[in-house]
Amino acid sequence: MNNRIDLNFGWSYKSEYKDAFLEPEYDFGSWDLVDIPHTNVQVPYNNFDEKIYQIESCYKKSIFISHEEEKERYLLHFEGVMVQAKVYVNSRKVGSHKGGYTPFVFDITDYIKYGQDNLLTVCVDSREDEDIPPFGHVVDYLTYGGIYREVWLEKVSPVYIKDCHVITGQVLEEEKTIDLDLFLKNVIGLNQGELKLRLEKDKAIIKAWTSDLNLNGQEDQEIKISFDIKEDIELWDLDHPVLYDFVVEVITENGRASKIIRSGFRQVAFENDGFYLNGKKIKLRGLNRHQSFPYVGYAMPKSAQYRDAEILKEELGVNVVRSSHYPPSNHFLDRCDELGLLVFDEIPGWQHIGPEGPWWEVTLQQVDEMIRKDWNHPSVFMWGLRINESQDQDQLYGKTNTLANKLDPTRPRGGVRCIADSHLLEDVYTYNDFIHDGGKVILDKPKKITGKRVPYLVTEHNGHMFPTKKFDSEGRRIEQALRHMKVINRMMEDPHISGAIGWCMADYNTHQDFGSGDRICYHGVLDMFRIPKYGAYPYQSEGLKIPVMEVANSMESGDMDRSMRGQVWVFTNCQQVKLYINDSYINSFYPSHDAYPGLEHPPVIIDDFVGNLIHEKETFKPKDADQIKRLLIKADTSGGKLGPWDLVKMGWLFVKYGMTMKDGMDLYTKYFGGWGQASTTYRFEGLVDGKTVVTKEKGRVFHPSLQMTCDSELLVEGPTYDTTRMVLKLVDESGDTCLYANDAIQIETSGPISLMGPKVVSLIGGSVGFWVRSLGQSGRGSVRIVSERYGTLHQDLKVEKEIEN
């Protein structure tokens, strides 16, 4: 039997540590009451000293185990504690663990007192330790602190399953094989047992196997078993990520142990000409992700982890994510499994390789823990076995690769570097390519970097080369989008580049050595609250199957250099875009396939805002109207720079019609600037197969209003508390965000919910997000937004308890 007891509610917490806390008689009744996931210190949004969370702290919780349960064994699981943990049961030390990104477990059976409360004490050291990766030098991200992933107690029989690796074999063969690596703990030295394996889909049994187990009285055993399967099996892929349950049971005279492992049948491979999933070549197009959130750092439960995966797949349209620079939450991977989102899973580290000794030992420990944690996730397609952007160290990386290949030979191995001609001990040359600086060179040639033709994947691009805030000038925000688009296009054109993973999904807090001086790296295509910048548009238009049409322009010429609008970029997957100005049809525009041949859905470039209006509203002869229109468009798109021959043409027209320079400027502002007009409304219609599928309007802002949305109106408490993200935007009459708004907003909550962060926030680039959490009770909650200028908003939320099956 297996039984899980979640231990995430009602911990006593102290933001310091003293040895006296371990004394049995110590009174901790006045400590703070907290729930897991928990951050040891909530940090400000920006402008803070990262040392505020680099402290020692202490957590305590009592659990009762009855005399009737003495025959079982008890395993205490921690999914993630940052950075070091020492664990005590009834004041006796059970064990310790170094490293905050991988799980660990202790058998606490011999420390338990039955028929009474047992006191768990966890001493957490969140200081940066030079013996633990990623520390030892500067690091471009924060690690925060606390017990930030779940804690649970597993009740098992004396013979139990420690772990199980399900390997689905060569899925393209007619007769498929399931290989089972079973890791057993045989505490009482039994000799015989029986293994049962069921393959299930949606609780329907596809096939069942039974096999004898020869335990030989050994305490620790690894048993390898293979099963053939001829039944029709659906493959896991990006569009149809079919998942199966592998139910494993070990039956002995002393009881029954079981595990249910969810996985899928899929085959991955890198070749010199690209990446293959189930034999089909696929270009990998994605983003890197940090797991941090505003205020609470890493401490976010299942729903927030799920939501990040959903944003990547369903709102950004990527097919791969890199877990930079550490293994992610199991919840995040679970959702990637369900969505069909590939994951490049990586060990902790950033550039620095510590000296041989404890630092190397922890690195190898983390390779082991990462692979064992994640090896049953079909979404995980490659292991990252180098410290990100580190120099060659063949001795260390020989060990990481040997260990990974021993634990899981089924997945390709990579290791992210930023140097050419690096020693390739892995299967794939994974390279951070930051050569694009806005010029003509977009990506390096793979063979120039590798020296010979090998499997090749770009694992970072853009990012720090062009940091962009959501409230930057429009020209800078457009340029960020164009740079990402150009890299995607170039990657798609080159058959020897397997893919490109951009830096990065969302802005993140960082150390003082990096970022913009306020402890934020503005490298994301989303801000820290997961609100899109223009940089998100190329991913959406290229990857999403729903109609996409994003106009990367406010249509306000005064927001551009020299007050000239120039070209307007429309990122869309539509076949055609029609432009109307004040309901007058201007022209139709089409994707720029010639300029971006690698993209399935290139952007639409709009440079004509005149159409036939000059012909219809002015007195010029038709040919002269055509000439004036061409000259005005050229002046607008070139920043007012006309060539000598253009100036001659313009002068001739001025003479012909008795016009002055002021008349020419008035003509330009009438059709391009819109200066002095009461209102100008631009309507863009996106068409597919001749039918309008999406419409966007842009106009002057006269009556902005505050808008509030939430990811989910229902919070469901299960093993942990639940959260939902809420987003506030100041929008104009067309629904566009007023990007230069920074109004202060007050947030109030009532009912069984609370705010995760400050009660007063400011709009940042016209919008801001925040999270609320449940408080352990069912019922109705309410969020109230108060703005001195824009009034109040309300959002009702419902909180429920998860019903156990």
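Not measured: the values here are computed from a predicted model.

## Some thoughts on the overall build of the protein chain
Scanning the protein chain from N- to C-terminus turns up 11 helices and 48 strands. A globule of 805 residues ought to have a C-alpha radius of gyration of about 28 Å, and the protein chain, at 30 Å, matches this closely. Projected onto its principal axes, the C-alpha positions of the protein chain cover 105 × 60 × 50 Å. Here the analysis covers contacts within the protein chain between residues at least 6 apart in sequence; of these, 69% occur between residues at least 24 apart. Within the structure as shown, the protein chain displays about 32300 Å² of accessible surface, and the carbon and sulfur contribution to it stands at 47%.

## Overview of the pairing of strand β36 (residues 584–589)
Taken together, the 5 bridges between strand β35 (residues 576–581) and β36 define a ladder with antiparallel strand orientation. Pairing of Val577 across the sheet is with Phe589, part of β36. If you look at the hairpin formed by β35 and β36, you'll find 2 residues sitting between the two strands, and Asn582 has a positive phi there, around 50°.

## Side note on the side chain of Ser66
If you trace the backbone, Ser66 turns up in the loop between β4 (56–65) and β5 (73–78). Looking at Ser66, its side chain comes within polar contact range of the side chain of Glu68, at 3.2 Å. Within the local environment of Ser66, its side chain forms a polar contact with the side chain of Glu69, the two groups lying 3.1 Å apart. Ser66 has contacts with Tyr114 and Gly115, leaving out every residue within four places of it along the chain.

## Some points on the sheet that holds strand β45 (residues 760–762)
Read from one edge to the other, the open sheet built from 5 strands follows the order β41-β48-β47-β43-β45, with strand pairing classed as mixed. The open sheet is flanked by β41 (714–717) and β45, the only strands paired with a single partner. Neighbouring strand axes in the sheet, compared pairwise and without regard to direction, differ in orientation by 25° on average. For strand β47 (residues 779–787) and strand β48 (residues 791–801), the ladder comprises 9 bridges, and the chain directions are antiparallel. In the sheet register, Ile785 faces β48, and the bridge partner there is Leu793.

## So, the packing of aromatic side chains
Under the definition given, this model contains 37 aromatic pairs. Aromatic rings pair up to connect Tyr53, Tyr101, Tyr141, Tyr144, Tyr148, Tyr298 and Tyr326 into one cluster. Above the plane of the ring of Tyr534 lies Arg477, whose end atom (NZ or CZ) is 4.9 Å from the centre. A cation over a ring is seen here: Lys801 above Phe9, with NZ or CZ 5.8 Å from the ring centre.

## With respect to the packing of helix α3 (residues 358–374) against helix α4 (residues 394–407)
The N-to-C vectors of α3 and α4 enclose an angle of 25°; their axes lie 10 Å apart at closest approach. Relative to α4, the element α3 is oriented roughly parallel. Handedness of the α3/α4 crossing: right-handed. Of α4, the residues touching α3 (which contributes Trp359, Trp360, Thr363, Leu364, Val367, Asp368, Ile371 and Arg372) are Gln395, Leu396, Lys399, Thr400, Leu403, Ala404 and Leu407. Class assignment for the residues of the contact of α3 with α4 results in 9 nonpolar, 3 polar and 3 charged.

## A short note on the layout of surface pockets
Rolled over the atoms, a probe with the dimensions of a water molecule shows which regions are left empty. Space inside the second largest pocket adds up to approximately 1300 Å³. Around the second largest pocket, the lining comprises 49 residues; the ones closest to its centre are Tyr537, Lys729, Gly735, Asp736 and Thr737. For the lining of the second largest pocket, the elements supplying multiple residues, two or more each, are α1 (302–315), α6 (474–493), α7 (537–543), β33 (549–551), β39 (691–698), β40 (705–710) and β42 (723–731).

## With respect to the environment of Thr660
Mapped onto the secondary structure, Thr660 falls in the loop between α10 (644–657) and α11 (661–673). Assessed through its relative accessible area of 42%, Thr660 is described here as partly exposed. Once the C-alpha coordinates of Thr660 and Gln42 are considered, the two residues, 618 residues apart in sequence, prove to be 64 Å apart.

## So, unusual backbone geometry
Where the residue is not glycine, phi is negative for most of them; where a peptide bond is considered, it is trans in most cases. The omega torsion of the bond from Ile36 to Pro37 falls at 5°, within 30 degrees of zero and hence cis. With respect to the helices and strands, Pro37 occurs in the loop between β3 (32–34) and β4. For the bond from Ser324 to His325, the omega torsion is -10°, close enough to zero to count as cis. With respect to the helices and strands, His325 occurs in the loop between β24 (320–322) and α2 (330–339). Even without being glycine, Ser91 reaches a positive phi, approximately 70°. In this fold, Ser91 is placed in the loop between β7 (84–89) and β8 (92–98). The partly exposed category is assigned to Ser91, whose relative accessible area is 27%.

## A word on the pattern of salt bridges
For the structure shown, the criterion picks out 53 salt bridges. For Asp308, the salt bridge identified is with Arg289, shortest N-O distance 2.9 Å. Of the two residues, Asp308 is situated in helix α1 and Arg289 in the loop between β23 (284–288) and α1; the sequence distance between them amounts to 19 residues. Assigned by exposure class, Asp308 and Arg289 land together as buried. Among the ionic contacts, a cluster of salt bridges with common partners joins Arg262, Arg307, Glu310, Glu315, Asp334, Arg335, Glu338, Asp711 and Arg725.

## As for the environment of Ile311
With respect to the helices, strands and loops of the structure, Ile311 is situated in helix α1. C-alpha separation for the pair Ile311 and Gly515, spaced 204 residues apart in sequence, amounts to 24 Å. Beyond its immediate stretch of four places on either side in the chain, Ile311 contacts Leu316, Met505, Leu526, Arg530 and Arg725.

## What to know about the environment of Asp107
By the secondary structure assignment, Asp107 is in strand β9 (residues 104–107). Between the C-alpha atom of Asp107 and that of Lys155, which follows or precedes it by 48 residues, the distance is 10 Å. When residues no more than four places from it in sequence are discounted, the contact partners of Asp107 are Arg73, Tyr74, Leu75, Val94 and Tyr160. Engagement of the side chain of Asp107 in a polar contact is seen with the side chain of Arg73, the distance being 3.1 Å. A polar contact is formed between the side chain of Asp107 and the side chain of Thr109, at a distance of 2.6 Å.

Cut-offs applied
- Residues numbered from 1 in each chain as written.
- Predicted model: local features only at pLDDT ≥ 70, side-chain atom pairs only at ≥ 80, totals over all residues.
- Heavy atoms only, no water.
- Helix = DSSP H or I, 4+ residues; strand = E, 2+ residues; numbered from the N terminus.
- Rg over C-alpha atoms; globule rule 2.2 N^0.38 Å.
- Contact = heavy atoms within 4.5 Å.
- Areas by Shrake-Rupley, 256 points an atom, 1.4 Å probe, with all protein chains shown as cover.
- Pairing = 2+ DSSP bridges.
- Polar contact = N/O pair within 3.5 Å; in protein donor to acceptor, adjacent residues only side chain to side chain.
- Axes fitted to C-alpha atoms, helices over the stretch in contact; angles between N-to-C directions.
- Phe/Tyr/Trp six-rings, centres within 6.5 Å; stacked < 30°, edge-to-face > 60°.
- Lys NZ or Arg CZ within 6 Å of the ring centre and 35° of its normal.
- Parallel < 35°, antiparallel > 145°, perpendicular 65-115°, else oblique.
- Left-handed = near helix turned anticlockwise from the far one by under 90°.
- Nonpolar A, V, L, I, M, F, W, Y, C, P; charged D, E, K, R; others polar.
- 1 Å grid on protein atoms, 1.4 Å probe; cavity = no way out; pocket = protein on both sides within 12 Å on 5 of 7 lines; lining within 4 Å.
- Points joined across faces, edges and corners; volume = space filled by probe spheres on them.
- Buried < 20%, exposed > 50% of the residue type's maximum accessible area, 1.4 Å probe, protein only.
- Salt bridge = Lys/Arg side-chain N within 4 Å of Asp/Glu carboxyl O.

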